[in-house]
Every structure is written in structure tokens, then in C-alpha cells.
Amino acid sequence: MSFKESIQLNMELSYFEGQIPVNYQYTLGVAGTKFFEALKQKGEFIASVCSHCGLKTIYPLIYCEECFNPIDTYLSIGLEGELYSFTTCYLDYQGNRYDKPHVLGLIRFKGIKGGIIHRLNIDEKDLKLGMKVKAKLKPSKERTGTIDDIMYFEKV
Amino acid sequence: MGFRKVAIVGAGITKFVRRAQETGPEMSYLASKTALDQAGLKLKDVEMITLGSAPDAFDGVHMKGEYLLSGAGGNNKPYIRNFVGGGTGVFAPIHGWMHVASGACDVCLVVCSEKMSSCHPHPQGAFLTIFDHTTEQPLKPTLIWIFALEMRRYMETYGLSKADIARVAVKNKNNALDHPSAQVAEAVTLDDVLNSEVLAEPVHRLDISPASDGAAAVVLASEEVAKRLTDKPVWIDGVGWNLDTAYWATKDLYYPRYVEKAARMAYEMAGITEPHKEIQVAEPYDPFDYKELHHMEGLLLCERGEAARLTAEGFTARTGNLPTCPSGGALGVGNPIAATGLMKVIEIFLQLREEAGKRQIPGKPRVGVAQAWGDLMQVGTVIVLRR
Ligand SMILES: [Zn+2]
């Protein structure tokens, strides 16, 4: 059964304006702090390693998603990975057209569960699934320990 | 009634703190892992998982249940989140009970987690939009306002003084000194509470619980599995829940009828006809001190208007005839909403197993009740446990 729209223009409705007046301070967490400290201080990615079943995970966790044991081992895995998928985006989240399209990729690392989603600075015609890519970081002095310390991934 | 018997066989709680370094999934993991270890089980033994958490707006993560799933051990399992506002922490084990009592599974992990510290400048900003957007939000209400209205009506109805109410805060904050998870345990005196900062008369600073981060978890098992795992199963004997309208202004503020209805449902299932005689330990929900009294009455643990006198006479102290909030409650242990309710269920579980350590009440209690409450003075959730 369909219903008939009785009001065509939204502004004809009586309404109150409102908002939820909060902002957020998200906690990096125990494993997240280790990841972003390593990125900032050493310019490298780290994965967590389960000493019980061997599962390696990025982003790192304090627990193993497979065997549920606690994790306290973390492994440097450098900055190089493989392009698992990619897309070229033309609109932002409010529907505005970008001046220049954004190219995003999901990068995975050999033998490790999970991956990193980030910008790609690679010509669209050169993009290929499985290609080797490497993170380009900001200079160490400019890094703040956030995901934007990675400028983009580029061809190796 | 055709339900299978369900026992609690393990429990875990993180510390309750103002701001935890752990993320929500990390806190969920710590509580879940402790509960599983205590039950002597691995995650692979868990067939289903239910998770309770308060509004998404606290953590600032929409689809919070899905976000917490991995830490609660829910990857690739039948997993579902439940939510009834502040009543969630006692509803979550009821939800888990449904899974096991119905025969859908033999082992269910129940996890509750809350990270209120993400919300700035204060979670009150998120609470604002639980009020009616047209008639109440323009007045910029806080939760403390409406509880002040409820507290005054309760006090006036039964001729109670501020001291009558404040004794609950003194008892609970002192009880919490013995709880390893406690955030705001303090050896406060009656004068401390009465002289603390006024927030909205008659509510003072020490009348209320804090905003907290924390998580709690329990493992539920069917009769056969429970008897294999432990010689001290604690049975979920009765469960009840009830919701009244969100138009809170229509209610009798001096009495939580919805809590009574939830309690009667749980007592009937548990075969309890005289709760004030049969129940030996209680954890009524105490986000404000007067709420413990309110809820004792709603839980039919005493006559209406009698709870304050019983508190003053020491009846509800750990050494009294009916200890209430021996844990220290939300007022003393802290109030990470959903985790608080489950902390109360865990306290009854530990008391009945005589594993509550320094908090252990005397007399080998065999029957206890835990209760939570929330939304807009609207929901009661009740669970009866028996050793
Ligand atoms: Zn593992």
C-alpha cells in the first residue's frame, strides 16, 4: 500500500531545529597507541602477533580474534604492501564534486590479516590489483601520530 | 513454563575509571576473557553472544554493537546487541538467558561495555536528545533536573529529609572501598554528602554516580553444561522487564510501577511470593541515592515509603537483614551504564557463591535479586538468582 504525500515542500511543515551538542575525544587504545607511536617515532607499521596460534593482524590488537588469547608481541612490517582493491571517488560525503578525484586503495601485507585503507598517489592507468605499493610518510618532524602521518601510498 | 534451566558459570569485570586507555573493544575483551577463564572455557566453546551497551552517542560510534563485536568474541558467531537504556546491564543477561532457556544454545557469553569518556564536553549533551524535541529540548534539560523533580516528589510524598536519602550514598561509597573495580569509593560521612555542591536542589554532587568507562561479562550455560563445569552454578531463577511510556511527565514520580511489574514477572517465574522474606541480598539500581530507596520499594522488598527508615536502621548494611548494594553500587563502584547493571548481577553471583571477599555478607545467602532502570524513568529490568 502506498501513501499519498500531503505536503510537497518540506518547509511547509512545522518544525524545531536541534542538534546533539557533543564532540568526541576518541581513545587510541592500548594497541592503537603502539601502532601510532611506531608510525610517528620509527616511521614503520607494526602488526600484532599471537604467540599462541601465530595469527598476525593489522591494525594490531591486544587480543587474538581467532583463539582469544591476550597479545603482547608486536612485529615491524615496514611500509610496503600489495594493492588489494582501489576506487576513484568524485563526490565528497556531502555530495560536492572534488576538484580532483580521490584515488583510494586497500593495501594488504603478506601473511597478515587486515589491511590499511589510504590515498593512492598513482596514475589511474597504472593501477593494478596485486601491484606493490609503499607508504609515503610525512617527514618525521611533522608526524603527529595519526593516520594522516601517511601522505599516500605510491608505486615501489 | 517450558524453559530450560540456565546458570551463570563465570564472570569478569574491568576496573571502572573516568577515562580508560583501552578502547571499547579492548575493554570488552578484558571482561570477556576473564569471564571465560573463570568458567574454564575457550571462545570456541561459546555458541552465541549477546552484547549490551547504552546509546551510540556516548561512544560517538554508530553501530556500537557491531564495533564492539570483535572484542566481545563475536566474529562469525550468532551475535546480537540489546538495548533498553540504563536498564541494559540487567537486560543483557536476560537476553542471554533467552538464548539458553529456549534451547537455542548451551553456552552464551554476555558482554556489557560503555566508554562515556569519548563524549565531550559531557555525556549530558547526548542525554539532551532523549527528551521530546518540541516540548522539552528547548528548555535545555539535563538528567539531573528531572531526577531532582522525581526526588523531591518522592521525599515530599513520604516526608523524608535530605539526610534520609544521603545515607544511601554514605553506605554505598563506603561499601565500594572493598571492590577492586571501584572508581569513586570513599569513606564519606553524612555531612560530606549533605554539604557537597548543589547541582539542582535537592540533588547534590555526592548524591549521584559518576560518568565512567568499564566493561563486564558473564558466561551462561545450560544445566547439563553448568554441572559439568562447576559445583557452584548460580541459577537464573526468574527474569522480568517492563517499559512505561516515554512521556515521563504522566507518571507518578514517587513510585516506579514499571519496576514493580518487572519484579512481579521475575518473582512469579522464580516462585517467590514474599520477596521481603525470601530475598537475602539485593542490588537495586542506584545511579542516584534516592533511586536505591525507590527501587527497593518497586522491588517489593519493603513497604512504600519504608526504605529510608530501614536504611537508617542498618537493615540494608552488609551485616543487616537485607544487604543492598554490597558491591558499592553505581554510587561507589562507578556507572559505565550497561556495565553497571551487569556488575550488579555479578555481585549477586559472587555473594551466592560466597566469593565476594571482603564484601561477603554473612549467613550463606541463597537467593538474590539485581535490578537496573533507565531511559526516561521508564524501564525496569530484574533478575533473580539462586544458589
Ligand atoms: Zn591466536
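Residues numbered from 1 in each chain as written. Chains lettered and ligands numbered in written order. Predicted model: local features only at pLDDT ≥ 70, side-chain atom pairs only at ≥ 80, totals over all residues. Heavy atoms only, no water.

A word on the overall build of chain B
Phase 1: Looking only at helices and strands, chain B has 15 helices and 12 strands in total.
Phase 2: In terms of C-alpha radius of gyration, chain B reaches 19 Å, essentially the compact-globule figure of 21 Å for 387 residues.
Phase 3: Dimensions of chain B, computed from the C-alpha atoms along their principal axes, are close to 50 × 45 × 40 Å.
Phase 4: In chain B, which comprises 387 residues, the proportion classed as buried is 65%.
Phase 5: The long-range fraction of contacts in chain B, counting pairs at least 24 apart against all pairs at least 6 apart in sequence, stands at 77%.
Phase 6: Of the accessible surface of chain B, which amounts to about 13600 Å², a share of 53% is contributed by carbon and sulfur atoms.
Phase 7: Where the 40 positive side-chain charges of chain B centre and where its 45 negative ones centre are 4 Å apart. (Helix = DSSP H or I, 4+ residues; strand = E, 2+ residues; numbered from the N terminus. Rg over C-alpha atoms; globule rule 2.2 N^0.38 Å. Buried < 20%, exposed > 50% of the residue type's maximum accessible area, 1.4 Å probe, protein only. Contact = heavy atoms within 4.5 Å. Areas by Shrake-Rupley, 256 points an atom, 1.4 Å probe, with all protein chains shown as cover. Lys, Arg positive; Asp, Glu negative; His and termini not counted. Charge placed at Lys NZ, Arg CZ, Asp CG, Glu CD.)

Brief notes about the overall build of chain A
Phase 1: The helix and strand tally for chain A stands at one helix and 10 strands.
Phase 2: Its helices and strands taken in sequence order, chain A reads β-α-β-β-β-β-β-β-β-β-β from the N to the C terminus.
Phase 3: Its C-alpha atoms give chain A a radius of gyration of 21 Å, more than 25% over the compact-globule value 15 Å for 156 residues.
Phase 4: Expressed as lengths along the three principal axes of its C-alpha atoms, the size of chain A is roughly 65 × 40 × 40 Å.
Phase 5: Across chain A, the fraction of contacts at a sequence separation of at least 24, relative to all contacts at a separation of at least 6, is 52%.
Phase 6: Approximately 10400 Å² of chain A is accessible, and the part contributed by carbon and sulfur atoms is 52%.
Phase 7: Considering chain A, the positive charge centre built from 20 side chains and the negative charge centre built from 19 side chains are found 7 Å apart.

As for the sheet that holds strand 4 (residues 107-115) of chain B
Residues and elements named next belong to chain B.
Phase 1: In space, the nine strands of this open sheet follow the order 3-2-4-8-1-9-12-11-10, with mixed pairing throughout. Where the open sheet ends on each side, the last strands, each with one partner, are strand 3 (79-82) and strand 10 (281-283). Each neighbouring strand pair of the sheet contributes to a mean axis angle of 25°, computed without reference to strand direction.
Phase 2: As paired elements, strand 1 (residues 6-13) and strand 8 (residues 213-222) share seven bridges and run antiparallel to each other. The residue bridging Ala-11 from the neighbouring strand is Val-218, located in strand 8.
Phase 3: Packed on one face of the sheet, helix 15 (residues 337-352) meets strand 1, strand 2 (48-52), strand 4, strand 8, strand 9 (234-243), strand 10, strand 11 (367-374) and strand 12 (379-386) and runs near 50° to strand 8. (Pairing = 2+ DSSP bridges. Axes fitted to C-alpha atoms, helices over the stretch in contact; angles between N-to-C directions.)

Some remarks on the coordination of the zinc ion
Residues and elements named next belong to chain A.
Phase 1: Here the zinc ion is held by the protein donor atoms Cys-50 (SG), Cys-53 (SG), Cys-64 (SG) and Cys-67 (SG), which lie 2.3 Å from it.
Phase 2: For the zinc ion, the four donor atoms are set out with angles of 100 to 122° between them, so the coordination reads as tetrahedral.
Phase 3: Of note, the zinc ion draws all its donor residues from one chain, in the sequence arrangement C-x2-C-x10-C-x2-C. (Donors = N, O, S within 2.8 Å, 3.2 Å for Na, K, Ca; no water. Tetrahedral: all angles 85-135°; square planar, octahedral: opposite > 155°, others 65-115°.)

Quick notes on the state of the cysteines
All names here are of chain B.
Phase 1: If you walk through the whole model with that rule in mind, you get zero disulfides over all chains.
Phase 2: Between Cys-112, a cysteine without a disulfide, and Cys-108, which holds the nearest cysteine sulfur, the sulfur-to-sulfur distance is 11 Å.
Phase 3: Counting only cysteine sulfurs, Cys-112 is the nearest neighbor of Cys-119, a cysteine outside any disulfide, at a range of 19 Å.
Phase 4: Given the relative accessible area of 1%, Cys-119 is considered buried. (Disulfide = S-S within 2.5 Å.)

A word on the sheet that holds strand 9 (residues 132-137) of chain A
Residue and element names in this part refer to chain A.
Phase 1: Taken in spatial order, the five strands of this open sheet run 8-6-5-9-10, and their pairing is antiparallel. Single-partner strands in this sheet number two, and they are strand 8 (116-119) and strand 10 (150-155). If you compare each strand with its neighbour and ignore which way they point, the axes differ by 40° on average.

Structural notes on the pattern of salt bridges
Phase 1: Counted by the stated rule, this structure contains 35 salt bridges over all chains.
Phase 2: Salt-bridge contacts for B:Asp213 lead to B:Lys115; the nearest nitrogen and oxygen are separated by 3.1 Å. On the criterion of sequence distance, the pair formed by B:Asp213 in strand 8 and B:Lys115 in strand 4 is long-range, its members being 98 residues apart.
Phase 3: Classification of B:Asp213 as buried rests on a relative accessible area of 0%.
Phase 4: Owing to a relative accessible area of 3%, B:Lys115 belongs among the buried residues under this scheme.
Phase 5: One continuous salt-bridge network, built from bridges that share partners, spans A:Asp123, A:Lys125, A:Asp126 and A:Lys155. (Salt bridge = Lys/Arg side-chain N within 4 Å of Asp/Glu carboxyl O.)

Looking at the interface of chain A and chain B
Phase 1: Counting residues at the interface gives 23 residues for chain A, matched by 37 residues for chain B.
Phase 2: A buried area of about 2300 Å², summed over both sides, lies between chain A and chain B, and 58% of it is on carbon and sulfur atoms.
Phase 3: Area buried by chain A at its contact with chain B is led by A:Thr27, A:Tyr63 and A:Phe68, which between them contribute 28% of it.
Phase 4: Inspection of the chain A/chain B interface yields zero salt bridges.
Phase 5: At the surface where chain A touches chain B, the tally comes to 17 residue pairs in polar contact (both at pLDDT 80 or more).
Phase 6: For the side of chain A that touches chain B, the element with the most residues is helix 1 (residues 29-42) of chain A, which contributes five residues.
Phase 7: Residues of the side of chain A that touches chain B, tallied by class, amount to 13 nonpolar, eight polar and two charged. (Buried area = accessible area lost by both parts, 1.4 Å probe. Polar contact = N/O pair within 3.5 Å; in protein donor to acceptor, adjacent residues only side chain to side chain. Nonpolar A, V, L, I, M, F, W, Y, C, P; charged D, E, K, R; others polar.)

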